[in-house]
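What the coordinates show
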2 protein chains.
Amino acid sequence: MGTLSQPTPLNQPRTGKGQQTKAKLLRTALDAFAEDGYQAASMRAIASRAGVSLSHAYYYFGSKEDIVLELLIALRAEQFEICSAQLDEGNTLEANIRIVFDASVQVMEKYHDFGPSFLKVLLSRDLENSELTQIEMSLWESVVAGARPLPPLAIRRDLPRFLWLLSRQIFSTWAYDSSPNQRRSRALMRNIAPVIGKFAILCRLPVVRSLFEDVLSLMDSRAGSIQERTTSTVESASEHRSSRAKAS
Amino acid sequence: MGTLSQPTPLNQPRTGKGQQTKAKLLRTALDAFAEDGYQAASMRAIASRAGVSLSHAYYYFGSKEDIVLELLIALRAEQFEICSAQLDEGNTLEANIRIVFDASVQVMEKYHDFGPSFLKVLLSRDLENSELTQIEMSLWESVVAGARPLPPLAIRRDLPRFLWLLSRQIFSTWAYDSSPNQRRSRALMRNIAPVIGKFAILCRLPVVRSLFEDVLSLMDSRAGSIQERTTSTVESASEHRSSRAKAS
DNA sequence: TCCAATTATTGAACGCGTTCAAAAAGCTCA
DNA sequence: TGAGCTTTTTGAACGCGTTCAATAATTGGA
């Protein structure tokens, strides 16, 4: 482990044959994951099923986690296919949030035993500009852009990222949810949508909107997100309290 | 892995010699953790350092995770020692929150490479009534009870649990924080205190207080927490919207 | 064509957490 | 004392993810 590592810049297949092997390995791995689950689909099992040696699998994939990430991407893409059309039908924000979560559960439930592994991948890697993050973000952007009525202008720009960060918290609940059939996290997803809807509406009030901005910049781990913001309410609430009091 | 397991109901030492062995094993393990870090302090290393066979370590501790949990408990107890006195000096809520987080960092920073392991223990086990949870909860109760001015009565009862749940989210950020010297999560802890302080004051407004209750019952995974509550704002926001509209 | 550099592939090993059957030691009571 | 029980302790093994030096296959230029 040592340092938390991104996918080691690894041997990309340079010949046609190599690409074929890598593709077959990936296909086989995803099949094995689906059929046998995380435990049983060991690197040895995957390699032998693909007809290559164990060590050769590591020639194309630096770790088992790398393959798990590929699975996660595939599942998110599937989720995108399922629900992106539904998000453009003029439903409420609340309804759109539900659509995304429902599709997530539908796609993921078979893979619940990958939860801990998924979560580790999400937490330990910098995926800020990865394919995975792009799919997820475009989903939440559609949720907001397709909602009728549109959320208050003041938060419209930041709401997608807020929803994305929130969805990751929910994912971490789901990942380790040991209640039967993930009852608990399903309930969480069901109940959170109306609260967000309510919250979004309340953001018309300056007090609540300022809270929204505070919470968002706290959740957001992008370095420098505070400086970029035109008015940082977090800073003003802490260091600049006096100047703020004067201003108001 | 299979099922997410509590600490296997394990052989408790029945003789004096047994207790001695188990105690020595634990002491050795915590030393090895402190000196060598998570990776290098393998079960083999711990066992041999304690002068027992590898398999014998498993007679008293069902897994390495069990020992990691003991470490986590020891660290939380240390944190409690450091800051419990400071929480009774009539500081603001914001200041008290800072005190707890500062002590947490002070105690934990040496063990940052245990972060992923700590987090897994916290997420995969039901620790609802464990020693660990009791220590943590009593800290947050002191934060609230010792704050001057006291937070609004309406949220005073629930605020400790809210802070506890929040602190777990922050912990998960810390656990995988790869920024130099955990810069990012330190900033998070620094910035979150004033926001909570502000939020607590705003909870005097009914609109904000209702948001607080919504958020709390969403975060809280205790089964049946919704029914127990006198007024469930989550439910009223979703299923009972019509009856709510009538009431208001 | 043949050689050298590159790419693809392998077998064997390492250390890890964990399991288990069996041996050793300790205890209780005739 | 010693037989039968429980508690403690061990050695050997399993399968896992991962690494690495090695061999085989392929490619490109003289």
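Note on numbering: residues in each chain are counted from 1, in written sequence order. A letter from A marks each chain and a number from 1 marks each ligand, given out in the order of writing. Per-residue local features of the predicted model are confined to residues with pLDDT of at least 70, and side-chain atom pairs are confined, for both listing and counting, to 80 or more; whole-chain, interface and lining totals are unaffected and use all residues. Side-chain measures were taken over the full set of non-hydrogen atoms in the model, leaving aside hydrogen atoms and water.

Cis geometry is found at the peptide bond from R148 of chain A to P149 of chain A, where omega equals 0°. Comment: elements are numbered from the N terminus, with helices defined as DSSP H or I runs of at least four residues and strands as E runs of at least two. Here P149 of chain A is to be found in the loop between helix 7 (131–145) and helix 8 (153–156). Of note in the backbone geometry, Q182 of chain B takes a positive phi value of approximately 55° without being a glycine. One can find Q182 of chain B in the loop between helix 9 (159–175) and helix 10 (183–202).

Once that is clear, we can look at the nonpolar core. For this analysis, a nonpolar core means a set of buried residues of the types Ala, Val, Leu, Ile, Met, Phe, Trp, Tyr and Cys, connected via side-chain atoms within 4.5 Å. The cut-offs for exposure are 20% and 50% of the maximum accessible area for each residue type, with area from a 1.4 Å probe on protein chains only; residues under the lower value are buried, those over the upper are exposed, and the others partly exposed. Within the largest apolar cluster, 146 residues are counted, with the highest numbers of intra-cluster contacts made by F118 of chain A together with F118 of chain B. F118 of chain B has contacts with V68, L71, L72, L75, M108, Y111, F171 and W174 of chain B, leaving out every residue within four places of it along the chain. Whether two residues are in contact is decided by their heavy atoms, any of which lying within 4.5 Å being enough.

We now examine the packing of aromatic side chains. Aromatic pairing here means that ring centres of Phe, Tyr or Trp (its six-membered ring) are within 6.5 Å. Orientation follows from the plane angle: under 30 degrees is stacked, over 60 is edge-to-face, and everything else is tilted. Scanning the model with the defined rule gives 22 aromatic pairs over all chains in all. Centre to centre, the rings of F171 of chain A and W174 of chain A are 5.3 Å apart; their planes meet at 40°, and the pair counts as tilted. Of the two residues, F171 of chain A and W174 of chain A both sit in helix 9 (residues 159–175), three residues apart, roughly one turn of that helix. Owing to a relative accessible area of 6%, F171 of chain A belongs among the buried residues under this scheme. A connected cluster of aromatic rings, assembled from ring pairs, spans F33, Y38, Y111, F114, F118, F171 and W174 of chain A. Either the NZ atom of lysine or the CZ atom of arginine qualifies as a charge over a ring when it sits within 6 Å of the ring centre and within 35 degrees of the ring normal. K64 of chain A extends its terminal NZ or CZ atom over the ring of Y38 of chain A, reaching a point 3.9 Å from the ring centre. Cation over ring: K22 of chain B sits above F61 of chain B, and NZ or CZ is 5.3 Å from the ring centre.

Looking at the element boundaries, S210 of chain A is found in helix 11 (residues 206–219). Polar contact is defined as a pair of N or O atoms within 3.5 Å, subject to the rule that within protein one atom must be able to donate a hydrogen and the other to accept it, and that residues adjacent in sequence are counted only when both atoms are side-chain atoms. Polar contacts involving the side chain of S210 of chain A include one to the side chain of K198 of chain B, which spans 2.6 Å.

Turning our attention to the packing of helix 5 (residues 93–108) of chain B against helix 10 of chain B. Residue and element names in this part refer to chain B. In this analysis an axis means a line fitted to C-alpha atoms, helices contributing only their contacting stretch, and an angle means the value between N-to-C directions, from 0 to 180 degrees. Helix 10 packs onto helix 5 with a crossing angle of 155° between their chain directions and a minimal axis gap of 8 Å. Taken together, the axes of helix 5 and helix 10 are roughly antiparallel relative to one another. The element helix 5 and its partner helix 10 pack so that their crossing is right-handed. For the pair formed by helix 5 and helix 10, the contact residues are L93, E94, I97, R98, F101 and V105 on the first element and R186, M189, R190, I192, A193, P194, I196, G197 and A200 on the second. Considered class by class, the residues forming the contact of helix 5 with helix 10 number ten nonpolar, one polar and four charged. Orientation is classified from the angle alone, with under 35 degrees giving roughly parallel, over 145 giving roughly antiparallel, 65 to 115 giving roughly perpendicular, and any other angle giving oblique. Helix crossings get a hand from a simple test, with the near helix turned counterclockwise from the far one by less than a right angle marking a left-handed crossing and a clockwise turn marking a right-handed one. Polarity classes work like this: nonpolar for Ala, Val, Leu, Ile, Met, Phe, Trp, Tyr, Cys and Pro, charged for Asp, Glu, Lys and Arg, and polar for all others, with Gly in that last group.

Taken by themselves, the reported measurements are silent on function.
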